[in-house]
Protein chains: 2
Amino acid sequence: MQTSEADVSTLENFTFEEIELGQTAEYSKTLTEDDLVLFAAVSGDVNPVHLDAEFARGTMFGERIAHGMYTGGLISAALAMKMPGPGTIYLGQNLKFERPVKLGDEITVHLKVLEKIEGKKFITLDTTATNQHGKTVVSGTATVLAPKQKTRMPAPALPAIEIRR
Amino acid sequence: MQTSEADVSTLENFTFEEIELGQTAEYSKTLTEDDLVLFAAVSGDVNPVHLDAEFARGTMFGERIAHGMYTGGLISAALAMKMPGPGTIYLGQNLKFERPVKLGDEITVHLKVLEKIEGKKFITLDTTATNQHGKTVVSGTATVLAPKQKTRMPAPALPAIEIRR
């Protein structure tokens with residue numbers, strides 16, 4: 001499969017106690033044609049602006065673009081894979097879609113801890129996704145329940161996925 | 001592939017002028033094992049709570065659950081496929097993750113137009129996803145730029161996707 005591997009080989013988390021205000025983490029992935037097909041399949045959104053190069057040329061974007069929620073998926077992956085990491089419970093997310101994501105764009109999710117809510121063990125984070133030109137494509141904030149237990153494990157491998165064009 | 005087809009064979013949109021306050025639409029999809037693998041591949045989130053049945057049995061969920069943003073993807077698909085439909089520009093989304101989504105769950109996204117902002121042609125919608133038991137799994141609101149031009153086309157077919165386990 002042509003989808004790019006995320007840059008994570010070990011899953012290690014930060015517990016609520018370990019996480020510090022202002023702590024940061026990053027997570028990157030590059031958009032491929034296969035990603036467009038897989039996101040269309042899993043969401044059911046088969047709009048041709050994501051899948052048909054010729055159709056997309058006639059749109060305001062001029063080429064195929066990622067589904068907006070593809071970048072939402074990268075933000076959720078950053079939270080689940082990097083910080084707080086495995087065991088995180090996702091409670092809420094605000095997303096503002098600011099710029100399109102195009103084939104070959106390397107999207108980096110930047111996480112920063114904004115708030116620790118002691119009683120409930122909630123953490124709020126700034127979640128900003130930028131492209132390889134440093135431009136923001138999606139901005140927003142997340143609220144999560146941080147892990148209680150420390151975890152460290154190898155990142156599991158996925159089965160092979162083949163797309164038959 | 002075992003991912004369920006969404007219930008849409010024709011892509012038809014509603015322009016800003018056509019959309020009425022209170023107008024509703026629904027979009028449904030059932031979570032399969034393949035969806036879990038495809039969402040893991042496209043997002044890079046390979047946490048075992050989504051992929052490893054034995055691991056998931058030992059978690060608070062007791063079984064594999066969908067990535068939270070899988071349901072975010074269904075909400076975005078509902079907006080892009082059903083209402084307003086093709087040509088919609090996604091501007092923002094708030095999501096509150098209320099309950100886990102499990103294998104075989106049929107998730108229905110319920111859209112309802114809350115507001116039409118005349119000058120900018122923005123529309124805000126209530127976006128609530130429920131499971132087959134009528135329980136809310138994700139709630140929130142979306143802001144979109146509604147299509148200017150009427151469109152009607154057959155829904156494109158996706159290439160075959162094979163997962164080699």
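Residues numbered from 1 in each chain as written. Chains lettered and ligands numbered in written order. Predicted model: local features only at pLDDT ≥ 70, side-chain atom pairs only at ≥ 80, totals over all residues. Heavy atoms only, no water.

A.B. asks: What is the right way to look at the overall build of chain A in this model?
C.D. replies: Looking only at helices and strands, one finds four helices and eight strands in chain A. The helix and strand sequence of chain A, counted from the amino end, reads β-β-α-α-α-α-β-β-β-β-β-β. Expected size for 165 residues packed as a compact globule is a radius of gyration near 15 Å; at 17 Å, chain A falls within 12% of this value. Across the 165 residues that make up chain A, the buried fraction comes to 54%. Here the analysis covers contacts within chain A between residues at least 6 apart in sequence; of these, 69% occur between residues at least 24 apart. Accessible surface computed for chain A: about 7100 Å², of which carbon and sulfur atoms make up 49%. (Helix = DSSP H or I, 4+ residues; strand = E, 2+ residues; numbered from the N terminus. Rg over C-alpha atoms; globule rule 2.2 N^0.38 Å. Buried < 20%, exposed > 50% of the residue type's maximum accessible area, 1.4 Å probe, protein only. Contact = heavy atoms within 4.5 Å. Areas by Shrake-Rupley, 256 points an atom, 1.4 Å probe, with all protein chains shown as cover.)

A.B. asks: Explain the relation of the copies chain A and chain B to me, please; I cannot follow it from the model alone.
C.D. replies: For these two chains of identical sequence, chain A goes onto chain B by a turn of 180° and a shift of 0.0 Å along the axis, with RMSD 0.0 Å. Here the transformation between the copies is reduced to the relation of a two-fold axis. Distance from the rotation axis, computed per C-alpha, reaches its smallest value in chain A at A:N94: 2.2 Å. The overlap is high: 100% of the interface residues of chain A also sit at the interface in chain B, so the same surface is used on both sides. (Least-squares fit on C-alpha atoms with pLDDT ≥ 70 in both.)

A.B. asks: Quick question: what am I supposed to make of the sheet that holds strand β4 (residues 106-117) of chain A here?
C.D. replies: Where strands meet in a sheet, backbone hydrogen bonds hold them as pairs that are either parallel or antiparallel. Taken in spatial order, the ten strands line up as β2(A)-β4(A)-β5(A)-β6(A)-β3(A)-β3(B)-β6(B)-β5(B)-β4(B)-β2(B) in an open sheet, and their pairing is antiparallel. Lying at the two open borders of the sheet, with one neighbouring strand each, are β2 (24-30) of chain A together with β2 (24-30) of chain B. Each neighbouring strand pair of the sheet contributes to a mean axis angle of 20°, computed without reference to strand direction. Relative to strand β6 (residues 136-145) of chain B, strand β3 (residues 89-97) of chain B is paired through eight bridges, and the arrangement is antiparallel. Looking at β6(B), one finds that B:F97 is bridged to B:V138. Seen against the sheet, helix α1 (residues 33-43) of chain A touches β2 of chain A together with β2 of chain B and runs at an angle of roughly 105° to β2(B). Sheet contacts for helix α4 (residues 68-81) of chain B: β3 (89-97) of chain A together with β2, β3, β4 (106-117), β5 (122-130) and β6 of chain B; angle to β3(B), the most-contacted strand, approximately 140°. (Pairing = 2+ DSSP bridges. Axes fitted to C-alpha atoms, helices over the stretch in contact; angles between N-to-C directions.)

A.B. asks: How should I be thinking about helix α4 (residues 68-81) of chain A in this particular structure?
C.D. replies: Within an α-helix, residues lying three or four positions from one another point in the same direction, as the helix has 3.6 residues per turn. Between its terminal C-alpha atoms α4(A) stretches 20 Å, which fits the 20 Å expected from 14 residues at 1.5 Å a residue. Taken across its 14 residues, α4(A) has 13 buried, putting it largely inside the fold. (Expected span 1.5 Å × (residues − 1).)

A.B. asks: What exactly am I supposed to notice about helix α1 (residues 33-43) of chain B here?
C.D. replies: The buried fraction of α1(B) is high, at ten of eleven residues. For α1(B), every residue scored as buried is listed here: B:D34, B:D35, B:L36, B:V37, B:L38, B:F39, B:A40, B:A41, B:V42 and B:S43.

A.B. asks: For this particular structure, what's the right way to read the pattern of salt bridges?
C.D. replies: Residues and elements named next belong to chain A. Applying the stated criterion across every chain, the model contains 20 salt bridges over all chains. Across the pair E12 and R152 runs a salt bridge, and its minimum N-O distance is 2.6 Å. Here E12 is found in strand β1 (residues 10-12), whereas its partner R152 is found in strand β7 (residues 152-154), with 140 residues between them in sequence. Relative accessible area serves as the criterion here: at 33%, E12 is assigned to the partly exposed category. Classification of R152 by relative accessible area gives exposed; the value is 59%. It is possible to trace a salt-bridge network through shared partners that takes in E12, E18, K150 and R152. (Salt bridge = Lys/Arg side-chain N within 4 Å of Asp/Glu carboxyl O.)

A.B. asks: Looking at this structure, how should I read the packing of α4(A) against α4(B)?
C.D. replies: Axis angle and axis distance: for two packed helices, these are the angle between their axes and the distance between the axes, and together they describe the pair. Interaxial distance between α4(A) and α4(B) falls to 9 Å at its minimum, and their mutual angle equals 170°. Compared by their axis directions, α4(A) and α4(B) come out roughly antiparallel. For the pair formed by α4(A) and α4(B), the contact residues are A:M69, A:G72, A:G73 and A:S76 on the first element and B:M69, B:G72, B:G73 and B:S76 on the second. When the residues that make up the contact of α4(A) with α4(B) are grouped by side-chain class, the tally is two nonpolar, six polar and no charged. (Parallel < 35°, antiparallel > 145°, perpendicular 65-115°, else oblique. Nonpolar A, V, L, I, M, F, W, Y, C, P; charged D, E, K, R; others polar.)

A.B. asks: Whenever I open this one, the packing of aromatic side chains confuses me. Can you help?
C.D. replies: Using the criterion set out here, one finds three aromatic pairs over all chains in the structure. Seen in terms of ring centroids, A:Y90 and B:F97 are 4.4 Å apart; in terms of plane orientation they differ by 25°. Their pairing is stacked. Within this pair, whereas A:Y90 is found in strand β3, its partner B:F97 is found in strand β3, the two belonging to separate chains. We note that A:Y90, like B:F97, is buried. One residue, A:K150, lies across the ring of A:F14, its end atom 5.4 Å from the ring centre. One residue, B:K116, lies across the ring of B:F16, its end atom 4.7 Å from the ring centre. (Phe/Tyr/Trp six-rings, centres within 6.5 Å; stacked < 30°, edge-to-face > 60°. Lys NZ or Arg CZ within 6 Å of the ring centre and 35° of its normal.)

A.B. asks: Hey, could you run me through the confidence of the model for chain A in this one?
C.D. replies: Segments scoring low in pLDDT should not have their predicted coordinates read at a detailed level. Of all residues in chain A, 96% attain a pLDDT of 70 or more, and the chain-wide mean is 95. Interface confidence in the predicted complex, given as ipTM, is 0.95; pTM for the same model is 0.96. (pLDDT = per-residue confidence, 0-100.)

A.B. asks: Help me understand the pairing of strand β5 (residues 122-130) of chain A, please; the structure alone is not making it clear to me.
C.D. replies: Taken residue by residue, a regular strand's side chains alternate between the two faces of the sheet. Residue and element names in this part refer to chain A. For β5, a buried count of seven out of nine residues is recorded, marking the element as mostly surrounded by other parts of the structure. The pairing of β4 with β5 spans nine bridges and is antiparallel. Residue pairing for β5: H110 is matched across the bridge by T128. Where β5 meets strand β6 (residues 136-145), seven bridges bridge the pair, whose relative direction is antiparallel.

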